[in-house]
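Breakdown of the fold
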Amino acid sequence: MGVSFKLFKKLNYFDLDVEFSIENELLVIEGSSGAGKTTILNCLAGIVTADEGKITIDEKVLFSHTDKVNIPAEKRNIGYLFQNYALFPNMTVKQNILYGLKNKREYKKKATRKELLEYAGYMMETLGLSHLADKNSNAISGGEKQRVALARAMVTRPSLLLLDEPFSALDENTKSKIYDEFRDFKESLNIPTILITHNHRETQLFADKNITLKEGRIL
C-alpha cells in the first residue's frame, strides 16, 4: 500500500530522474530553487506528464509509460496545496473549501450534500476557520489563507497530499505559529504526504523521512 513512483522527465537544464515510495507518513523533499521539486509534485498530480516511469497509489496505477496509462488529474484524488495557495479572492472561505468538491463526482454519488457540508464544517473547525466561513478570502491573513488552502486540499479525503512550499509566503512571526499548528495537525493526517521546501528547519520539524534533490537527482 502507499505511494510509489519512478519518474523520468527531460527538463531545460537537466533530466529529472527519481524513484521512491512512502506509506502513511510525511516525506520532505528538500532542495534549492530549480532542483525539480515542484515538477515531481506536478507529475504526481497529473498536471505534468513524465516522459517515462510509473506512479501507483494503493496499488492503483495512475501513470505508466510502458502500459500507456495516464489517469487525468481530476480523477487521481490527490490533494494539492500550491505555493501561492490559489484561492479565489471573490469567494468566501467556505466557498473556497467547498470548491475542492466541485469536480469530485464519486463523492457526490456516495455522500449527500448535507454530509459534504458537514465534513467541510468539520475541516473548518479542525483548522480553526469556522469564524471566518463567510469572509472573503482576500480579507484574511496569510496564515489563515494557508489553512483555507489546506482545508480545501483535505476536504476531498485525498489518497495523497502534496504541499508545495506551503510556508514560504508567510512572514517569520506567522511562520512560528503555523509551524506549531501544522506539527499538531500532521499527526492526524494519516495519509501519504509530500512536502517540498528549501528550508532545512522545516525538514527537521516535520519529516518522517526526507530526501535532498539536486538538479533532478536524489543525493
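Keep in mind that what you see is a predicted model, and the values were worked out from it rather than measured.

1. Topic: the pattern of salt bridges
Across all of its chains, the model carries eight salt bridges by this definition. Here E19 and K6 are joined by a salt bridge, their closest N and O atoms 3.5 Å apart. Here the residue E19 occupies a position in strand β2 (residues 15-22), and K6 occupies one in strand β1 (residues 3-10), the gap between them amounting to 13 residues. E19 gets classed as exposed once you look at its relative accessible area, which sits at 54%. We note a salt bridge from K10 to D15, for which the minimum N-O separation is 3.1 Å. Residue K10 is classed as exposed on the basis of its relative accessible area of 55%.

2. Some words on the nonpolar core
Core analysis: the biggest nonpolar cluster contains 37 residues, and I97 and L150 have the highest contact counts within it. The dominant element in this core, judged by the number of residues it contributes, is helix α5 (residues 142-154), at six residues. The contacts of L150, once residues within four sequence positions are left out, are L81, L127, L161, L163, F182 and F185. One finds I22, I29, A50 and L213 within the second-largest nonpolar core, a separate group that totals 28 residues.

3. Notes on the packing of α5 against helix α6 (residues 172-186)
Viewed as axis vectors pointing N to C, α5 and α6 meet at an angle of 25°, and their least axial separation amounts to 10 Å. Classified by the angle between their axes, α5 and α6 sit roughly parallel to one another. Considering how the two elements wind past one another, α5 and α6 form a crossing that is right-handed. Facing α5, whose interface residues are G143, Q146, R147, L150 and M154, α6 presents T174, K177, I178, E181, F182 and F185.

4. Remarks on the sheet that holds strand β6 (residues 69-70)
Across the sheet, five strands lie side by side as β2-β1-β4-β5-β6; this open sheet has antiparallel pairing. The two strands at the open ends of the sheet, each matched to only one other strand, are β2 and β6. With six bridges connecting them, β1 and strand β4 (residues 52-57) associate as antiparallel partners. Note that in β4 the partner of L7 across the bridge is G53.

5. Re the pairing of strand β10 (residues 209-214)
Working note: regular strand, side chains alternate between the two faces of the sheet. Across four bridges, the pairing between strand β3 (residues 26-30) and β10 is parallel. Looking across to β10, one finds that E30 is bridged to T212. Taking the residues that link successive antiparallel strands as the turn, the β10-strand β11 (residues 217-218) hairpin has two residues, and the phi of E215 there is positive, at about 45°.

6. Structural notes on helix α1 (residues 37-45)
With eight of its nine residues buried, α1 lies for the most part within the structure. All of the buried residues along α1 are K37, T39, I40, L41, N42, C43, L44 and A45.

Parameters and conventions
The numbers attached to residues start from 1 for each chain and follow its sequence in the written order. Confidence filtering applies because this is a predicted model: local features only for residues at pLDDT of at least 70, side-chain atom pairs given and counted only at 80 or more, and all residues used for totals across whole chains, interfaces and linings. Values reported for side chains reflect all heavy atoms of the structure, with hydrogen atoms and water molecules removed beforehand. What counts as a salt bridge is simple: a side-chain nitrogen of Lys or Arg found within 4 Å of a carboxyl oxygen of Asp or Glu. Put simply, DSSP marks the helices as runs of H or I at least four residues long and the strands as runs of E at least two long, and each gets a number from the N terminus on. Buried, partly exposed and exposed residues are distinguished by accessible area as a fraction of the type maximum, computed with a 1.4 Å probe on protein chains only: under 20%, between the cut-offs, and over 50%, respectively. Side-chain atoms within 4.5 Å are what join buried Ala, Val, Leu, Ile, Met, Phe, Trp, Tyr and Cys residues into a set we call a nonpolar core. We call two residues in contact whenever any of their non-hydrogen atoms come within 4.5 Å of each other. Only the contacting stretch of a helix is used when fitting its axis, a line to C-alpha atoms as for every element, and angles between N-to-C directions run 0 to 180 degrees. Angle categories: roughly parallel below 35 degrees, roughly antiparallel above 145, roughly perpendicular from 65 to 115, and oblique for all the rest. For any helix crossing, the convention is left-handed if the near helix is rotated counterclockwise from the far helix by under a right angle, and right-handed if that rotation is clockwise. Only strands that DSSP links by at least two bridges are regarded as paired with each other.

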